[in-house]
Amino acid sequence: MEYTFIRKRLIPEEEVDISSDELISCNGRVIITRWFPIKPRRDIGWGVSYTDMESGYKISAVHDGEGNFGYWYVDVVATKYFPGENKYVFTDLLVDVRIYPGKEPEILDMDELEYAKKRGIVSDYDYNTALFVVDSVKLSLLSSVMQLLMFISYLCSTFSDELLLLLPLSPKHDACEH
């Protein structure tokens, strides 16, 4: 089954089709993908992302062009599923967290979240979800997900695509069914 994945930004307003991301697993709550940057970048070669649609976050293990792990990147997202279109829209809730190994989490774009809240661009619910996710990252509550992504990143860089299909993850052909 084919799915459409859309990344929606609020500031500036834009929607980008990211359906070219490789779907590794989807169980109706969690989507795991392998991706390449939308636009070529020197600092990012590829990544693996774990999106928890109910909890409002997407954690990515970001790798350079040589395949070396660089850092974790946590996007706060609100996810909507449109079953008639098999379409997921991931709305970026502006604030992000970047974590380099051995360093403290770096909170990014909190000012944009505050601006959006004051202007009514984000709801109270989404605002509170964003703050909760940031606090969870600061308290290392998502470290088990980060460990899982490191394992999946290793598999993605070591094994062929055919072998990835044998992973004991939810099957990708119908697992996103709701």
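Structure first, text after, so check above.
Residues numbered from 1 in each chain as written. Predicted model: local features only at pLDDT ≥ 70, side-chain atom pairs only at ≥ 80, totals over all residues. Heavy atoms only, no water.

**Let's talk about the environment of Pro 83**
Okay, step 1: Position of Pro 83 among the secondary structure elements: in the loop between strand S7 (69–82) and strand S8 (87–99).
Okay, step 2: Using a relative accessible area of 56% as the deciding quantity, one classes Pro 83 as exposed.
Okay, step 3: Through-space distance from the C-alpha of Pro 83 to that of Tyr 3 is 9.8 Å; in sequence the pair is 80 residues apart. (Helix = DSSP H or I, 4+ residues; strand = E, 2+ residues; numbered from the N terminus. Buried < 20%, exposed > 50% of the residue type's maximum accessible area, 1.4 Å probe, protein only.)

**Considerations on the pattern of salt bridges**
Okay, step 1: All chains considered together, the criterion is met by 9 salt bridges.
Okay, step 2: For the salt bridge of Arg 34 with Glu 22, the shortest nitrogen-to-oxygen distance reads 2.6 Å. You can see Arg 34 sitting in strand S4 (residues 30–35) and its partner Glu 22 sitting in strand S3 (residues 22–26), a full 12 residues away along the chain.
Okay, step 3: By relative accessible area, Arg 34 is classed as buried at 12%. (Salt bridge = Lys/Arg side-chain N within 4 Å of Asp/Glu carboxyl O.)

**A closer look at the pairing of strand S1 (residues 4–9)**
For a regular strand, the rule is simple: side chains alternate between the two faces of the sheet.
Okay, step 1: Pairing of S1 with S8, which is carried by 5 bridges, proceeds in the parallel orientation. Residue pairing across strands places Ile 6 opposite Val 89, the latter belonging to S8.
Okay, step 2: Two strands pair when backbone bridges link them, and S1 and strand S2 (residues 14–17) are joined in this way by 4 bridges, in the antiparallel orientation. Bridge pairing in S2 places Arg 7 opposite Val 16.
Okay, step 3: With antiparallel pairing between neighbouring strands as the criterion, S1 and S2 make up a hairpin whose turn holds 4 residues. (Pairing = 2+ DSSP bridges.)

**Examining the packing of helix H1 (residues 110–118) against helix H2 (residues 124–138)**
Okay, step 1: Two elements in contact, H1 and H2, have axes separated by 10 Å at closest approach and are oriented at 160°. One finds that H1 runs roughly antiparallel with respect to H2. The way H1 lies across H2 gives a crossing that is left-handed. Contacts between H1 and H2 pair Met 110, Leu 113, Glu 114 and Lys 117 from the former with Asp 124, Tyr 127, Ala 130 and Leu 131 from the latter. (Axes fitted to C-alpha atoms, helices over the stretch in contact; angles between N-to-C directions. Parallel < 35°, antiparallel > 145°, perpendicular 65-115°, else oblique. Left-handed = near helix turned anticlockwise from the far one by under 90°. Contact = heavy atoms within 4.5 Å.)

**Section: the nonpolar core**
Okay, step 1: The biggest cluster of nonpolar side chains holds 27 residues, and the ones touching the most others in it are Ile 32, Val 74 and Val 122.
Okay, step 2: Counting residues per element, the ones that place at least two in this core are S4, strand S5 (46–52), strand S6 (57–63), S7, S8, H1 and H2.
Okay, step 3: Apart from residues no more than four positions distant in its own chain, Val 122 is found in contact with Leu 10, Leu 93, Leu 113, Ala 116, Lys 117 and Tyr 127.
Okay, step 4: Counting residues in hydrophobic clusters, the runner-up holds 10 residues, among them Phe 5, Val 16, Tyr 88 and Phe 90. (Core = buried A, V, L, I, M, F, W, Y, C linked by side-chain atoms within 4.5 Å.)

**A word on unusual backbone geometry**
Okay, step 1: Omega for the peptide link from Ile 11 to Pro 12 comes to -10°, which places this bond in the cis form.
Okay, step 2: Looking at the element boundaries, Pro 12 is found in the loop between S1 and S2.
Okay, step 3: Of note in the backbone geometry, Asn 86 takes a positive phi value of approximately 50° without being a glycine.
Okay, step 4: Inspection of the secondary structure assignment puts Asn 86 in the loop between S7 and S8.
Okay, step 5: The phi dihedral of Leu 94 falls on the positive side, at around 80°, and the residue is not glycine.

**Section: the pairing of S5**
Okay, step 1: A large share of S5 lies buried, amounting to 7 of its 7 residues.
Okay, step 2: Burial along S5 is two-sided: the face carrying Trp 46, Val 48, Tyr 50 and Asp 52 and the face carrying Gly 47, Ser 49 and Thr 51 are both buried.
Okay, step 3: Two elements, S5 and S6, share 7 bridges in a ladder whose sense is antiparallel. Of the residues in S6, the one forming a bridge with Trp 46 is His 63.
Okay, step 4: Here S5 folds back onto S6 in antiparallel fashion, the turn holding 4 residues, of which Gly 56 has a positive phi close to 85°.

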